[in-house]
Each structure stands twice: as C-alpha cells, then as structure tokens.
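Chain by chain, the residues run as shown.
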Amino acid sequence: MPIFDISGDQLSAVEQKNFSLEKDLQSLIEKNLETVFNCRFVASEFSTGAQHAGRIDSLALSEEDNPVIIEYKKVESSELINQSLFYLHWIQDHKGDFEIAVQKRLESAVKVDWSDVRVICIAPNYKKYDLHAVQVMGANIELWKYRLFSNNSLYIEEVFHAAKSAAVSTSTSTTENGYKNPVMVEAGKKAALTRATATYTFGERLEGKSEEIQELTASIREFIIGLDESIEEVPKKFYVAYKISQNIACMEVKGKNIKLFLKLKPSDIPDGTKNYRDVTSIGHYGTGDVEFTVSSESEFEPVKEFVAMAYNKVGG
C-alpha cells in the first residue's frame, strides 16, 4: 500500500526510493537506535576475530540490558539471515568480548543480562523460503522490513518474530535443495536452548496472588494487547513487558496492587493525576519513568488513556 501526501483535499502518492549505500541505512539506524529500538549503541563493524573472520554490523544493549545484534541489507538477500545466525552463535561463545565492548562504550557499572539475546535483521524484503527457514530453526530472531520514500520518510515494519510464531521447530534447517546448513542448525539449537533455560511465564507472575489481583491483571493485559495485534508480551523475572520495537508498558504484579511503568515523560502527566508518581530517579524493575499504582478496575480506567498515549508515542 503506498503512502500519500495530503495537500488540502488532494492526495498524491509518494514515490519509493532506496539508500545509495547499505552503510547509509546502517549509519541512520545506529544514530537513532534509541528512537527506533530504544537501545544503546555499543559498536559498529565489530570484528569477530581472525578465526571467524566476520564483522557484526551493529552491536547494542537493549533497554533491559540484553545484547542486541543488528544486521542490514539494502536488497533482498538470504545471506542476511545466515550472517545473523552465525553471529548469534558467535556471541554466545564470546560473552566476555561483548561485555568489554559495553564497558568501553557505556560504563563499567552496566551488567549485561544474558537471559536473552536480541537479533534484528533489517532489509527491504524477505523471500518466503527465508521466513520458513527462520520458523523451523527456532532461532531468536526478528525480521524487519523498511521502506524509504522520496519525501525522506522511513517506514519500518516487523514481519517476523520468533517469540510470536506458533510454528517453531529446531529439528531441521535446510536449504532449498535439502542440504542442512550446519551453521544455521547449530545457531538455531543454541538460541532455542537459551530461551528454554531463561524464559519466564505469565503464570509465574500470578502465583500466590488473590483472585481480585489476578482478575485485575487479566483485565490490564487484555487492554494492552488489544491496542495492536503486533504487541508482544514478554514475561521477565520481576515483571511483564509489552512491546513492539521497544517496551510500551511494564506490569509488576504485587500482592495488593499492580504497578504499571509506562514509556512516557513525567511532563506528559497532568498535575494532580491520581495514583501516579515520577520514578525517574527512583530505582525500579520495569522500564519507563512514569509509574501508576492501581488496585481495582475503577482505578485502572483513567490510566487507559496514558497506556494508549505510550503506545502512540512509541510509534504504534
């Protein structure tokens, strides 16, 4: 579907174009990592050493301190996914190298969370064979499609996320002629193993909670997920995150109430708003500087507009 410029009551289609160089796409994303994926930049063209003889396009750290690998292509290419899986395999065996890079770029106090490694591929399109291959190998990988327009607008859309796919198998990974790619198979198995040993469940957040709190939790969950079918629910050790390209809201289920941390600025919240506090300088588990504490459906009702606001500001 094209996009249109609006001039009065007239629409005109905006022409698509592409980046002159792949490096232009990479540089643009790296300079805007916080805006697009809410990640902190760590390194560009990161060498994997003489033995592996590769260079990871971009390394970053997510808002939850997980490692992030980003690979780019300005044309449709199966090589993009092969490279990404190879680097996923590599980074699991070279955690120290990544942590040193984080210390150099950011600060020594940052503690990398290895419970999840985020792998992002960005390209104008993907072949159906690539989408199938990523599904069956079970690798923790995200495929994002971009469109660049002549009015200098950039559109980025997620087209596949392993955590959202119901059809995941790690038993095989083959090319079109049936030949098993050992790098892809091994990387896929390692990614699946990482998820299996580090994944938390939504049910764990409800253990030992009263029926009232469980019902309120379900209601909040239903409202957030209902904003957009592409919203992903990611249970963590202490909270549940709801995200698209980055977290929109984080829900921490307590014994007598629920805390919601939203990706908003305190200046977005009117003075006198009930059940709200600015947690910019207060330590907390969920990501976001705006906290709402609710203990009933009636208290959550006025918070809905702020949840929707966070969704819109993230770019939903």
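If you check an unreviewed UniProt entry, the protein chain appears there as DUF5655 domain-containing protein from Oceanisphaera pacifica.

Undergrad: When you look at the overall build of the protein chain in this model, what are you seeing that I'm missing?
TA: Along its length, the protein chain carries 11 helices and 15 strands. Long-range pairs, those at least 24 residues apart, make up 58% of the contacts in the protein chain between residues at least 6 apart in sequence.

Undergrad: Could you clarify how one ought to interpret the packing of aromatic side chains in this entry?
TA: For any pair of aromatic rings, the description rests on two quantities: the centre-to-centre distance and the angle between the ring planes. Taken as a whole and assessed by the stated rule, the structure comprises 9 aromatic pairs. Plain terms: the ring middles of Phe37 and Trp144 are 5.3 Å apart, the flat faces sit at 80° to each other, and that makes the pair edge-to-face. With Phe37 in helix H2 (residues 33-37) and Trp144 in strand S8 (residues 141-149), the pair connects residues that are 107 residues apart, well separated along the chain. On the accessibility criterion, Trp144 (3% relative accessible area) is buried.

Undergrad: It is not clear to me how the sheet that holds strand S11 (residues 240-243) should be interpreted in this structure. Could you clarify?
TA: As a general point, the strands of a sheet are linked pairwise by backbone hydrogen bonds and lie either parallel or antiparallel. Taken in spatial order, the 6 strands make up an open sheet running S10-S11-S12-S13-S15-S14, and their pairing is antiparallel. Each edge of the sheet is formed by a strand with only one pairing partner; in this case those strands are strand S10 (232-235) and strand S14 (276-278). Averaged over neighbouring strand pairs, the angle between their axes works out to 20° when direction is ignored. Where S10 and S11 come together, 4 bridges link them in antiparallel fashion. Within S11, the position partnered with Val234 by the bridge is Ala241. Packed on one face of the sheet, helix H9 (residues 211-225) meets S10, S11, strand S12 (247-253), strand S13 (258-262) and strand S15 (290-294) and runs near 20° to S13.

Undergrad: What exactly am I supposed to notice about the pairing of S8 here?
TA: The two faces of a sheet get side chains in turn, since along a regular strand they alternate between them. With 8 of its 9 residues buried, S8 lies for the most part within the structure. Inspection of the sheet shows strand S3 (residues 16-17) paired to S8 by 2 bridges, in the antiparallel sense. When the sheet's bridge partners are listed, Gln16 is paired in S8 with Phe149. Bridging between strand S7 (residues 118-123) and S8 involves 5 bridges; their strand directions are parallel. Counterpart to Ala123 in the pairing with S8 is Lys145. Summarising the sheet, S8 and strand S9 (residues 154-161) pair through 7 bridges and their orientation is antiparallel. By the bridge assignment for S9, Leu143 is matched with Phe160. Linkage of S8 to S9, two consecutive antiparallel strands, is achieved through a turn of 4 residues, within which Asn152 is found at a positive phi near 65°.

Undergrad: So what exactly am I meant to see when it comes to the side chain of Asp57 here?
TA: Turning to its location among the elements, Asp57 is positioned in strand S5 (residues 55-61). An unpaired buried charge is present at Asp57: no salt bridge exists, and Lys73, the closest side chain of opposite charge, is 5.6 Å distant.

Undergrad: Help me understand the pattern of salt bridges in this model?
TA: Charged atoms that come close allow side chains of opposite charge to pair. Counted according to the given criterion, the structure contains 11 salt bridges. When the shortest N-O distance is used, the salt bridge between Glu64 and Lys236 registers 3.5 Å. Separated by 172 residues along the polypeptide, Glu64 in the loop between S5 and strand S6 (67-72) and Lys236 in the loop between S10 and S11 bring together distant segments of the chain. One salt bridge in this structure joins Arg277 and Glu291, with 2.7 Å as the shortest N-O distance. With Arg277 in strand S14 and Glu291 in strand S15, this pair connects stretches of sequence that are 14 residues apart. With relative accessibility at 38%, the residue Arg277 sits in the partly exposed group. Overlapping salt bridges bring together Lys259, Arg277 and Glu291 as one network.

Undergrad: Whenever I open this one, a negative patch on the surface confuses me. Can you help?
TA: Judged by side-chain charge, Glu211, Glu212, Glu215 and Glu297 come together as a negatively charged surface patch. When residues of the negative patch are assigned to their parent elements, the largest contribution, 3 residues, is made by H9. Here Glu212 is to be found in helix H9. Exposure remark for Glu212: the relative accessible area of 57% places this residue in the exposed category.

Undergrad: Sorry, what's going on with unusual backbone geometry here?
TA: Note: most residues except glycine have negative phi, and most peptide bonds are trans. In this structure, Asn38 takes a positive phi of about 50° despite not being glycine. Residue Asn38 is classed as buried on the basis of its relative accessible area of 15%. Here Glu45, not a glycine, exhibits a phi torsion of approximately 50°, which is positive. Accessibility expressed as a relative area gives 28% for Glu45, which makes it partly exposed.

So, how was this worked out
- Residues numbered from 1 in each chain as written.
- Predicted model: local features only at pLDDT ≥ 70, side-chain atom pairs only at ≥ 80, totals over all residues.
- Heavy atoms only, no water.
- Helix = DSSP H or I, 4+ residues; strand = E, 2+ residues; numbered from the N terminus.
- Contact = heavy atoms within 4.5 Å.
- Phe/Tyr/Trp six-rings, centres within 6.5 Å; stacked < 30°, edge-to-face > 60°.
- Buried < 20%, exposed > 50% of the residue type's maximum accessible area, 1.4 Å probe, protein only.
- Pairing = 2+ DSSP bridges.
- Axes fitted to C-alpha atoms, helices over the stretch in contact; angles between N-to-C directions.
- Lys, Arg positive; Asp, Glu negative; His and termini not counted.
- Salt bridge = Lys/Arg side-chain N within 4 Å of Asp/Glu carboxyl O.
- Patch = residues over 30% accessible without salt bridge, like charges linked within 9 Å, V, L, I, M, F, W, Y side chains within 5 Å.
- Areas by Shrake-Rupley, 256 points an atom, 1.4 Å probe, with all protein chains shown as cover.
- Charge placed at Lys NZ, Arg CZ, Asp CG, Glu CD.

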